[in-house]
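Chain by chain, the residues:
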Amino acid sequence: MLHHKNGERTNVHSRSSFCLAASILLAAAVLYLGGLWLNRAPAAYVTVSVDGEEIAHFSLNETTEYLIDGYAGGTNRLIIRDGEAWVEEASCPDKLCVHQGRIRRTGEMIICLPNRVVAEVTGQNP
Ligand SMILES: [Zn+2]
């Protein structure tokens, strides 16, 4: 019974309750350290590519404005502010990229098909 996983349900053996307390402490420590690690994780970045080729790279923490030279002379005005990125205006006819709104989480992206522009949030600095 000592090695049974539900040791706390069998009537308390001092040693197994010590083990239980120790594992709770350990779990708390892991969560705590995990939280520290998350806080120290590198900030998110926005990677801009045109026609599959990366052309620019920004920290999501900076405040900047960048005019993307898209495919065939198309342009997209990318804004980064308050940890978010979005396309404020674009030369494309559909303006879908403008309407895609703001991205901030890793993996989120704004795509402009006519200009072949992709702006994606990445979690690491390559
Ligand atoms: Zn567009």
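Heads up: the structure comes first, above all this text.
The following paragraphs examine the structure supplied in this document.

Rules used throughout
- Residues numbered from 1 in each chain as written.
- Predicted model: local features only at pLDDT ≥ 70, side-chain atom pairs only at ≥ 80, totals over all residues.
- Helix = DSSP H or I, 4+ residues; strand = E, 2+ residues; numbered from the N terminus.
- Buried ≥ 20, exposed ≤ 12 C-beta atoms within 10 Å, placed from the backbone.
- Contact = placed C-beta atoms within 7 Å.
- Core = buried A, V, L, I, M, F, W, Y, C linked by C-beta atoms within 7 Å.
- Pairing = 2+ DSSP bridges.
- Axes fitted to C-alpha atoms, helices over the stretch in contact; angles between N-to-C directions.

## A few points about the overall build of the chain
- The helix and strand tally for the chain stands at two helices and seven strands.
- Helices (α) and strands (β) of the chain occur, in sequence order from the N terminus, as α-β-β-β-β-β-α-β-β.
- For the chain, with 126 residues in total, the buried portion stands at 17%.
- In the chain, the proportion of contacts linking residues at least 24 apart, taken out of those at least 6 apart, comes to 28%.

## Looking at the nonpolar core
- In this structure, Val46, Leu60, Leu78, Ala85, Cys97 and Ala119 are the most contacted members of the largest nonpolar core, which totals 19 residues.
- Those elements that place two or more of their residues in this core are β1 (45–50), β4 (75–81), β5 (84–90), β6 (109–112) and β7 (117–122).
- If sequence neighbours within four positions are ignored, Val46 has contacts with Phe58, Leu60, Ile80, Ala85, Ala119 and Val121.

## Some details on the sheet that holds β7
- What the four strands build is an open sheet, ordered β2-β1-β7-β6; its pairing is antiparallel. Edge positions in the open sheet fall to β2 (53–59) and β6, since each of these has one partner strand only. Across this sheet, the average inter-strand angle for adjacent strands is 15°, counted without regard to direction.
- Relative to β7, β1 runs antiparallel, the two being bridged by six bridges. Each bridged residue has a counterpart across the sheet, and for Thr47 the counterpart in β7 is Glu120.

## Quick word on the pairing of β2
- Taken together, the six bridges between β1 and β2 define a ladder with antiparallel strand orientation. Considered in β2, the bridge of Val48 is made with Ala56.
- Where β1 folds back on β2, the antiparallel hairpin that results is connected by two residues, among which Asp51 adopts a positive phi of roughly 55°.

## With respect to the sheet that holds β4
- Strand order in the open sheet formed by three strands is β3-β4-β5, and the pairing between neighbours is antiparallel. Looking at the sheet topology across the chains shown, the edges are occupied by β3 (64–69) and β5. Across this sheet, the average inter-strand angle for adjacent strands is 25°, counted without regard to direction.
- The sheet contact formed by β4 and β5 spans six bridges and is antiparallel.

## Things to note about unusual backbone geometry
- The phi torsion at Ala72 lies on the positive side, around 55°, for a residue other than glycine.
- Relative to the helices and strands, Ala72 resides in the loop between β3 and β4.

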